[in-house]
Amino acid sequence: MQLCIRNLYKHFDKKIVLNHTGFVFQEGSIYSVLGRNGAGKTTLFGCISGDLFFEDGEVFLEENGVSRPLTFEDVGVVSASPVLPDFLTGYEFIHFFVKLNRENPQAESIDSFFDLVRLDEEDRHKLIKNYSYGMKNKLQLLCCLIRDPKVILLDEPLSSFDIIVSHDIKEMLLGMKENHIIIMATHIMQLAQDMSDEIVLLREGLLEGVKESVPGDADFEDYIIRALQEKPQGTAGSGREKEPGSVRGKVSGDAWNKGSEGMRTQNTGTDFPEKQEKGSLKGGHRK
């Protein structure tokens, strides 16, 4: 299974956030997306999850050689700004959520789910409106774990957790990755190094994978900082940018060439696997 992003284009007014970019995320791997503030990481997640419309491109799953659009059931999101029903207690909310999303909800203890994220028993029966930011994030993560989607998007996943819970969640994610595609957006360099099978940079609207043979750990942070300060290969004068609403010629696929400084840079070509079924996700995709 792989999550394929092809020719993805998103703008807000005249600001281009995702500039006809593409990438392939593989099952069994954890990816960290690194970028400067405002680079478009949250926008990227919104386009993948279907929460945001996009003007051009496709996002789809490929399983056993067959491509299909993403559905609501395929994607789980843990956002940096959780939105939860404040009028319910944490226990009531998770109880209803399990009933809606599990085939046999009676077989599983609600308290066992709370134990996964170490939410104290007394806090489970408090109104969510009285929860701290970290406690709300625990509930949000629980919802993702209960649904067990194929693609898990984590926006700053551990920034609000204490050191014990962060360790437990890291171990949990590492144990889950075999049958999932896990993508994290984070500013914590150490977390990206510890957790990731591959690090992906988002700069100037383009996704670029950092090759495995990066400099030693001591120099890694400087290496990433230099990379984020540079312009991606092929952006200047390449005709990649366009004004919103302009006509863009058909792109048959995305090919990846090895670039300087250990980056894979995107160009248009024919090496990207052609879709076997129609399923354009232009303008949102969740049903």
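The preceding data block contains the structure.
This report concerns the structure included in the present document. Please read these numbers as outputs of a predicted model, since none were measured by experiment.

## Let's talk about the nonpolar core
The tendency in soluble globular proteins is for nonpolar side chains to be buried side by side.
Thinking step 1. Counting 33 residues, the largest nonpolar core has Phe-93, Ile-94, Leu-139 and Leu-154 as the members making the most contacts within it.
Thinking step 2. Listing elements by their share of this core, those giving two or more residues are helix H2 (90-101), helix H3 (110-116), helix H5 (133-147), strand S7 (151-155), helix H6 (163-176), strand S8 (181-185) and helix H7 (189-195).
Thinking step 3. No other element matches the 8 residues that H5 contributes to this core.
Thinking step 4. Each residue touching Ile-94, except ones within four places of it in the same chain, is listed here: Ile-110, Phe-114, Leu-139, Leu-142, Cys-143 and Ile-146.

## Things to note about the sheet that holds strand S1 (residues 2-12)
Thinking step 1. Here we have 4 strands laid out as an open sheet, ordered S2-S1-S4-S5, and antiparallel in their pairing. Both edges of this open sheet fall to strand S2 (15-26) and strand S5 (66-69), since each of them pairs with a single strand only. Within this sheet the neighbouring strands show an average axis-to-axis angle of 25°, counted without direction.
Thinking step 2. Relative to S1, helix H1 (residues 41-49) is tilted by about 120°, and along the sheet it contacts S1, S2 and strand S4 (56-63).

## Structural notes on the pattern of salt bridges
Thinking step 1. Taken as a whole and assessed by the stated rule, the structure comprises 10 salt bridges.
Thinking step 2. Its salt-bridge partner being Lys-10, residue Glu-55 comes within 3.7 Å of it at the nearest N-O pair. Note that Glu-55 is positioned in the loop between H1 and S4 and Lys-10 in strand S1, a separation of 45 residues in sequence.
Thinking step 3. According to the relative accessible area criterion, Glu-55 is partly exposed, its value standing at 28%.
Thinking step 4. The exposure class assigned to Lys-10 is buried, which follows from its relative accessible area of 7%.
Thinking step 5. Note that Lys-177 and Asp-197 form a salt bridge whose closest N and O atoms lie 3.0 Å from each other.

Reading guide: rules and limits
Residues numbered from 1 in each chain as written. Predicted model: local features only at pLDDT ≥ 70, side-chain atom pairs only at ≥ 80, totals over all residues. Heavy atoms only, no water. Core = buried A, V, L, I, M, F, W, Y, C linked by side-chain atoms within 4.5 Å. Buried < 20%, exposed > 50% of the residue type's maximum accessible area, 1.4 Å probe, protein only. Helix = DSSP H or I, 4+ residues; strand = E, 2+ residues; numbered from the N terminus. Contact = heavy atoms within 4.5 Å. Pairing = 2+ DSSP bridges. Axes fitted to C-alpha atoms, helices over the stretch in contact; angles between N-to-C directions. Salt bridge = Lys/Arg side-chain N within 4 Å of Asp/Glu carboxyl O.

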